[in-house]
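# Coordinate inspection notes
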Protein chains: 2
Amino acid sequence: MSHYLDPIFHPRTMAVIGASNDPTKRGYRAIRSLVAANYAGEIIPINPKESEILGFTCYPTLADVPKAIDLALVCTAARTVPDVIEKCGEKGVKGAVLLAGGFSEASEAGRLLEEEAVAIARRYGVRLVGPNTNGIFSARLGCNTIGGYDMPRGPIALLSNSANVMGSVVNEAQFYGHTGFSTTLSVGNQADILFHEYLECFGADPDTQAIISYVEGFKNGAAYAKVARQVSQVKPIVMYAAGRTAEGKRAAKSHSGSLAGDYVVTRGVLHQAGVVLVTQSDHLYPVADALTLFPPMRGRRVAVLSEGGGPITISVEALAERGLQLVQLTPETQARIHAIVPNASAISNPVDAGGGTEPRVEYYGSISQAILDDPNIDALLLVGFFGGYAQRYGESVAAAENKVCTELGEMMRTHGKPIMVQSRAAHSRTEALDILRKAGVPCQRHIEVAVQCLACAADYHAAKRRLLDVAAPATASTSPRASRIVDVEVRAKCDLLEPEAKDLLKAYGIATLPQRVMQRADDAGRIVEALGDGPFAVKIVSKDILHKSEAGGVRLDVAGADALKAAFDDIRCRVLTYKPDADISGMLVTPMAQSGTEVIIGVSGNAQYGPVIMFGLGGVFVEVIRDVVFRALPLTPADAREMISELRYQAMLDGARGAPKVDRQKLAELLLAVSQLAMAHSEITEIDLNPVIANADGYAIVDARMVLAAE
Amino acid sequence: MSHYLDPIFHPRTMAVIGASNDPTKRGYRAIRSLVAANYAGEIIPINPKESEILGFTCYPTLADVPKAIDLALVCTAARTVPDVIEKCGEKGVKGAVLLAGGFSEASEAGRLLEEEAVAIARRYGVRLVGPNTNGIFSARLGCNTIGGYDMPRGPIALLSNSANVMGSVVNEAQFYGHTGFSTTLSVGNQADILFHEYLECFGADPDTQAIISYVEGFKNGAAYAKVARQVSQVKPIVMYAAGRTAEGKRAAKSHSGSLAGDYVVTRGVLHQAGVVLVTQSDHLYPVADALTLFPPMRGRRVAVLSEGGGPITISVEALAERGLQLVQLTPETQARIHAIVPNASAISNPVDAGGGTEPRVEYYGSISQAILDDPNIDALLLVGFFGGYAQRYGESVAAAENKVCTELGEMMRTHGKPIMVQSRAAHSRTEALDILRKAGVPCQRHIEVAVQCLACAADYHAAKRRLLDVAAPATASTSPRASRIVDVEVRAKCDLLEPEAKDLLKAYGIATLPQRVMQRADDAGRIVEALGDGPFAVKIVSKDILHKSEAGGVRLDVAGADALKAAFDDIRCRVLTYKPDADISGMLVTPMAQSGTEVIIGVSGNAQYGPVIMFGLGGVFVEVIRDVVFRALPLTPADAREMISELRYQAMLDGARGAPKVDRQKLAELLLAVSQLAMAHSEITEIDLNPVIANADGYAIVDARMVLAAE
């Protein structure tokens, strides 16, 4: 497994442009930190004024170096950068890390300088990291150009829009001392290499088992989602993405020039791609750490074990709020637990092994064993005091506690079920918890963080299964009939009006109500003959009328030929009053839809992620509550099902307020068919099915609109 | 300031019943921990088999002790407790701490034993802590009966439904080492002394500046709310209350036998009483700690200062989500900051002092000064690296960083504005952060926790101002007219039907639509004479018909005398078909309400908190989304305004979807008047105004129902 960015992260030879003998300069500190990290490649300082720096032979220019160079670490000021890249290109350097600020993040002049640098780099095929990055750390060759950090090494890659957020995660790993990083990188301005390329490289990196990302916005979100979909099948991506609030979007823009976009879209698209999104920055490290240790979590059923009830109550609240399930242990398991701790306060799940007054740490092992043997349970959460018994009760219980710690690690491996420990002693770093961690079991100080680790494991492994289960979604082929419908409108440079839009939907197997277009009032008889007596919805068809109701262009519950005739004249009169020169193509007549729950479906182009599809509850739910879910196109069947089950107010689909329970399968099929239609006709840039009335029998698309790309 | 529970928390003499010379026994460990804590009172061991324990003279029985005893620490088993309490009573002991488990939490036999113990205690006036508590710690006299803890001392009282949650908070204080506890208590079964009595005692305690509470449910929530309302005016109560989820409620019940009740009610009532509710257990300690240090926060306008943008973005998201405001600094402040750091990346708020590559910790002081001088700013949040400069960049910056730390403490005092520091070095406990903390400025490791501290400060001080601003809400006096209306129904043993309910509302100054009751169809002419031509709503009035629409008992948009007559006959016919023996009192005729936004108002009795009032958005918002807010009765004007502004979907009140913006003042007056009505008529146990149509002109109460107390 090699990747084209490997020479950048694992350079055999590194030139330090602007190397220095002045200890306050970046060109000195970088070399010192490479030496401190035992960099296994060759350091080649470049400085016309020096002959040797920190024991390394210094060359006046790159051209003078008598060997090939993988990476240039550019420590010189912004204005020198285009020239330096030119020299790198001439030398055949594969990548350059640009530390200087003062580019697009600073000013318009800086933006032009950045453009110039990129143009030169592209000409030579030199790939650029930054500018405005604080450098790279990668563990394999000990390539630490960041300076100042004693970087803990381990299986986590760290990819950040912010050097400070990166540093914060590194500090956390340093504090706990249990794990560390294969690579860390603050991407800077992403003038050349974008997030998705780094991600792809870390995805292929055998030293990386999880990727932490802090993202303020994507320059190419569609490419990112595509790569993430691949990488997530192999290792988890744990991400904090900015942009949940208008204020956050502004701050991201101001900081890194990033466009954070609509968070609801980001959430949908990244979830689809298997990314584990967290909304608290302090969850990044614990979740990634736990995911490198856990075996795959097969479901959402968690058992809680404690000695004392308060931590159980808090855990249970947090588990329920994250959609994890507390299912009863089997009678056999309960019997086993009862035999171990006859006085236990609770044994069905949660298990409260307390009930006496004396500590009984030795029972944790056998109870955990019983719980993990239970087929109803996918993961085990220990909360409260475990890990702190010896600290509290003295050395007499230390051996027993330490033994359980070792056993838990073995159990996690043999049962293939995650074990998460929350211990109030976690900050004290007790001997027991060190043993536990060496045995491979993660431990956190706070209950809510521990629960978040399990919830993210369940989310991630469900997404991974979803991504591995399906082949790539079928690229829909268009039918001649569909093409004809679209082509006519493309030629006419006209958006699809409701009748054509519904015809096109029909061509993709989507259920539509029977429809007829009335050209004149006298058509009424013919229509009643074809569609029956109604009641009908009668709607204006006119390219000049976008908001039909507002224009008086809709009449509902019209029954019989006479009423139809009258409705035609009435609508015509109202519309022409509203807009005297409206070009009226006719009136669309359809049977009234059965009652049900209003939903909406839309397809549109997103600036970050390309074409996306939206599904939501209609009416007040979309307009005020915004209960909508997005995905990137194309959808898989599993995506379509998840979109439906992700709506916040599920009750509306399940028959709230006397409405019928909707047919989710038919709605999922509808979403898939719309996805196929949109993929087959890139000329259509916007689809709006609003409202769609869903009920137990399926759905009725009450209105449909499709917009063609402007030429 | 003394409180009747003071002898329990600060006993001058303590008898240890079941004292022991066996180091594994509770009766030994308790004495040892009292000695270790330098208990300033007198320890009196009681044990017929010993003459001396740990150097203290041991007495065979309480009766043998030749002096008065404040507190008995009862270490003996559950079955001995009634007898022990009898002896305590005879001796005139003021309080007893019952450590044993095996009472109501364990079994029915235990419950009876507990009842017996309480009955004896009540007879003698002995107050009981527990049973099933792990003891008391109070700092003033060094009264530590918990055993095993080296308890950090400080200004926080800790009151918990769980010994383990208590211990967890204590561990956190031990880890940080900055503050500690005046008192800690796990309440156990609350057989006698309830939460609100402890709270009142801590409220009066001069050593306590903040109270942390972990609550699984109240035995007397109304009393708690009443005491909390008083205590919150003096010091903050920071609480985690269980019961947000059905699973959490079950766990709380199973653990402590607590009934957690409806969390929406709990949240509303406790918020009204000034309690600071957190929903993550890991916020308890940081928030309480910060609140003991902060000066009052005057508003919600926060400035953020950092050197680097990522932490700013994360802060801003969290601030916005917690309703804190980032307002622009004045031009003068910006100019001052610009003069200090001309290259700063951002100076308007957030302030990103970064922009160069070198650290500049010395500027934090002068920039903070400029920000705190700004009249637009209520608090300052420092995020990112501050506190870790010396650690990262070496001793050369230590002096400057330490100096700023001291200055920040002075600034917080002189400006009277909270300063919160988030530092990624917080876990490392750097010298700078120790100085900062000694200077009185709180520091947290995680951005989201730091933001929570500020948000809770803003919430708390707003609530405190609200509680201090108003005199006690006026107790409404009932009018003769109102009494007559209610008395008639009380005598008739009948709930108030719509016409009487509306008459009663009117008697409290509540706007009602004109109404007439039609007794027969021929009344139509008379009614049109009185009310005009309509259109009217016509509704059945019958004690036998609760669901009027379902019974065919409602006709809308009825215009003119003839239609009114027809409607009367029609409704009569339908209702009698629906329920042939219905006793029909007539038909209520009112003008149709103007259109607007549906809201609902209800009053009902709550098992935990007594009578509560609900306000919410109507229709799908109450039925599916549950966008409702509760308060305990009686309301103050500020309570009423807050109820309205706390609804989640404010847009619905502000003219979403073409609806008119509602008149909030009139709605607040309506809530107040309903509160007065309910307070004046305790016979009315339930009021249901649903729907109320609110619009720019006020409101129209479309339906009203009142239920009288069953005798």
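Just so it is clear, the model here is predicted, and its values are computed rather than measured.

Attention now moves to the overall build of chain A. For chain A, the count of helices and strands is 24 helices and 29 strands. In terms of overall dimensions, chain A has a C-alpha envelope of 95 × 80 × 40 Å along the principal axes. Counting only residues that meet the buried cut, chain A has 55% of its 711 residues in that class.

Here we come to the relation of the copies chain A and chain B. Expressed as a screw operation, the relation of chain A to chain B combines 0.0 Å of axial shift with a rotation of 180°, fitting to an RMSD of 0.1 Å. Taken together, the turn and the small shift mark the pair as related by a two-fold rotation axis. The residues that chain A uses at the interface reappear at the interface of chain B in 98% of cases, marking a shared surface.

Moving on to the interface of chain A and chain B. For an interface, size is often stated in terms of accessible area lost upon the parts coming together. Across the boundary between the two partners, chain A contributes 62 residues, which contact 61 residues of chain B. Ranked by the residues each element gives to the side of chain A that touches chain B, the list is headed by helix α11 (residues 310-321) of chain A, at nine residues. Of the residues belonging to the side of chain A that touches chain B, the class tally is 25 nonpolar, 25 polar and twelve charged.

As a further point, take the packing of helix α10 (residues 284-293) of chain A against helix α17 (residues 447-469) of chain A. All names here are of chain A. Between α10 and α17, the least distance of the axes is 9 Å, while the angle of their chain directions is 55°. It follows that α10 is oblique to α17 by the angle criterion. When you trace α10 past α17, the crossing you get is right-handed. The residues of α17 that touch α10, namely those facing Pro286, Val287, Ala290 and Leu291, are Val449, Gln452, Cys453, Cys456, Ala457 and Tyr460. Residue composition of the contact of α10 with α17, by class: nine nonpolar, one polar and no charged.

Listed in full, the buried residues belonging to helix α7 (residues 221-231) of chain B are Gly221, Tyr224, Ala225, Val227, Ala228 and Val231 of chain B. Summarising the contacts, the buried residues of α7 of chain B are in contact with α6 (195-204), β13 (237-241), α9 (263-272) and β26 (628-632) of chain B.

So, on to the sheet that holds strand β18 (residues 419-422) of chain B. All names here are of chain B. Spatial ordering of the open sheet is given by β16-β15-β17-β18-β19, a layout of five strands whose pairing is parallel. In this open sheet, the two strands that pair with only one neighbour each are β16 (351-352) and β19 (443-444). Summarising the sheet, strand β15 (residues 302-306) and strand β17 (residues 379-382) pair through four bridges and their orientation is parallel. Bridging from a neighbouring strand, Ala303 pairs with Leu380 of β17. Docked against the sheet, helix α17 (residues 447-469) engages β15, β17, β18 and β19, running at close to 170° with respect to β18.

It is worth spelling out the sheet that holds strand β1 (residues 13-17) of chain A at this point. Residues and elements named next belong to chain A. Across the sheet, which stays open at both edges, the five strands sit in the order β2-β1-β5-β6-β7 with parallel pairing between neighbours. Lying at the two open borders of the sheet, with one neighbouring strand each, are β2 (42-46) and β7 (127-129). Within this sheet the neighbouring strands show an average axis-to-axis angle of 20°, counted without direction. As paired strands, strand β5 (residues 71-74) and strand β6 (residues 95-98) are joined by four bridges and run parallel to one another. Note that in β6 the partner of Val74 across the bridge is Leu98.

Our focus in this paragraph is the environment of Ala607 of chain A. All names here are of chain A. Inspection of the secondary structure puts Ala607 in the loop between β24 (597-606) and β25 (610-617). A residue is classified by how many C-beta atoms lie within 10 Å of it, and Ala607, with 11 of them, is exposed. The sequence separation of Ala607 and Ala507 amounts to 100 residues, and the corresponding C-alpha distance is 29 Å. Residues in contact with Ala607, not counting those within four places in the same chain, are Leu259 and Gly261.

Moving on: the pairing of β6 of chain A. All names here are of chain A. Burial along β6 is two-sided: the residues Gly95 and Val97 and Ala96 and Leu98 are all buried. Handedness of the crossover joining β5 and β6 through helix α3 (residues 81-91) is recorded here as right-handed. Relative to β7, β6 runs parallel, the two being bridged by three bridges. The residue of β7 that forms the bridge with Gly95 is Arg127. Crossover β6 to β7 through helix α4 (residues 108-124) is right-handed.

With that settled, the discussion passes to the environment of Phe218 of chain B. All names here are of chain B. Relative to the helices and strands, Phe218 is located in the loop between β12 (210-215) and α7. Along the backbone, Phe218 and Glu489 are 271 residues apart, and their C-alpha atoms lie at a distance of 34 Å. When near neighbours in sequence (up to four residues on either side) are disregarded, Phe218 contacts Phe195, Tyr224 and Gln608.

Let us now look at the confidence of the model for chain A. Mean pLDDT over chain A stands at 93; residues scoring 70 or higher make up 98%. Quick note on the complex model: pTM equals 0.95, ipTM equals 0.95.

Another point: the domain arrangement of chain A. All names here are of chain A. Domains assigned within chain A are domain 1 (1-137), domain 2 (152-293), domain 3 (296-469), domain 4 (514-591) and domain 5 (597-708). Relative to domain 3, the C-alpha centre of domain 2 lies at a distance of 29 Å. Taken residue by residue, the interface counts 15 residues in domain 2 and 17 residues in domain 3. For the side of domain 2 that touches domain 3, the per-class residue count stands at eight nonpolar, five polar and two charged.

Before going further, it helps to examine the environment of Val276 of chain A. Residue and element names in this part refer to chain A. Position of Val276 among the secondary structure elements: in strand β14 (residues 276-278). Distance from Val276 to Val287, taken between C-alpha atoms, is 9.1 Å for residues eleven residues apart in sequence. Once residues lying within four places of it in the same chain are set aside, the contact partners of Val276 are Pro236, Ile237, Val238, Met239, Val287, Cys456, Asp459 and Tyr460.

Before going further, it helps to spend a moment on the nonpolar core. Counting 489 residues, the largest nonpolar core has Val16, Leu454 and Leu671 of chain A together with Val16, Leu454 and Leu671 of chain B as the members making the most contacts within it. Those residues in contact with Leu671 of chain A that lie beyond four places of it in its chain are Ile601, Ile613, Phe615, Leu635, Ala640 and Met643 of chain A.

This paragraph deals with helix α19 (residues 498-507) of chain B. All names here are of chain B. Residues of α19 that are buried include every one of Glu498, Ala501, Lys502, Leu504, Leu505 and Ala507, and no others. Looking at the packing, one finds that the buried side of α19 touches α18 (480-492), β21 (536-542), β23 (584-591), α24 (664-680), β28 (698-701) and β29 (704-708). Among the residues trailing α19, Gly509 stands out with phi positive, at a value near 80°.

This part covers the packing of helix α13 (residues 363-373) of chain B against helix α15 (residues 398-415) of chain B. Residue and element names in this part refer to chain B. Put simply, α13 and α15 touch, their axes get as near as 9 Å, and they point 10° apart. Judged on the interaxial angle alone, α15 and α13 are roughly parallel. Judged by the twist between their axes, the crossing of α13 over α15 is right-handed. Together, Tyr364, Gly365, Ser368, Gln369 and Leu372 of α13 and Lys403, Val404, Glu407, Leu408, Met411 and His415 of α15 make up the contact between the two elements. Split by residue class, the contact of α13 with α15 holds five nonpolar, four polar and two charged.

This paragraph deals with unusual backbone geometry. Looking along the chain, the bond that leaves Gly130 of chain B and enters Pro131 of chain B is cis, with omega of 0°. Checked against the element boundaries, Pro131 of chain B lands in the loop between β7 (127-129) and β8 (136-138). Of note in this structure, Asn132 of chain A is not a glycine but carries a positive phi near 70°. In this fold, Asn132 of chain A is placed in the loop between β7 and β8 (136-138).

With that settled, consider the pairing of strand β15 (residues 302-306) of chain A. Residues and elements named next belong to chain A. Within β15, five of the five residues are buried, which leaves it mostly tucked inside the rest of the structure. Covered by surrounding structure in β15 are Val302, Val304 and Ser306 together with Ala303 and Leu305, the residues of both alternating faces. When β15 meets strand β17 (residues 379-383), the two strands line up parallel, connected through five bridges. Counterpart to Ser306 in the pairing with β17 is Val383.

About the thresholds
Residues numbered from 1 in each chain as written. Chains lettered and ligands numbered in written order. Predicted model: local features only at pLDDT ≥ 70, side-chain atom pairs only at ≥ 80, totals over all residues. Helix = DSSP H or I, 4+ residues; strand = E, 2+ residues; numbered from the N terminus. Buried ≥ 20, exposed ≤ 12 C-beta atoms within 10 Å, placed from the backbone. Least-squares fit on C-alpha atoms with pLDDT ≥ 70 in both. Contact = placed C-beta atoms within 7 Å. Nonpolar A, V, L, I, M, F, W, Y, C, P; charged D, E, K, R; others polar. Axes fitted to C-alpha atoms, helices over the stretch in contact; angles between N-to-C directions. Parallel < 35°, antiparallel > 145°, perpendicular 65-115°, else oblique. Left-handed = near helix turned anticlockwise from the far one by under 90°. Pairing = 2+ DSSP bridges. Right-handed = clockwise from strand over helix to strand, strands pointing away. pLDDT = per-residue confidence, 0-100. Domains from an automatic or database assignment. Core = buried A, V, L, I, M, F, W, Y, C linked by C-beta atoms within 7 Å.

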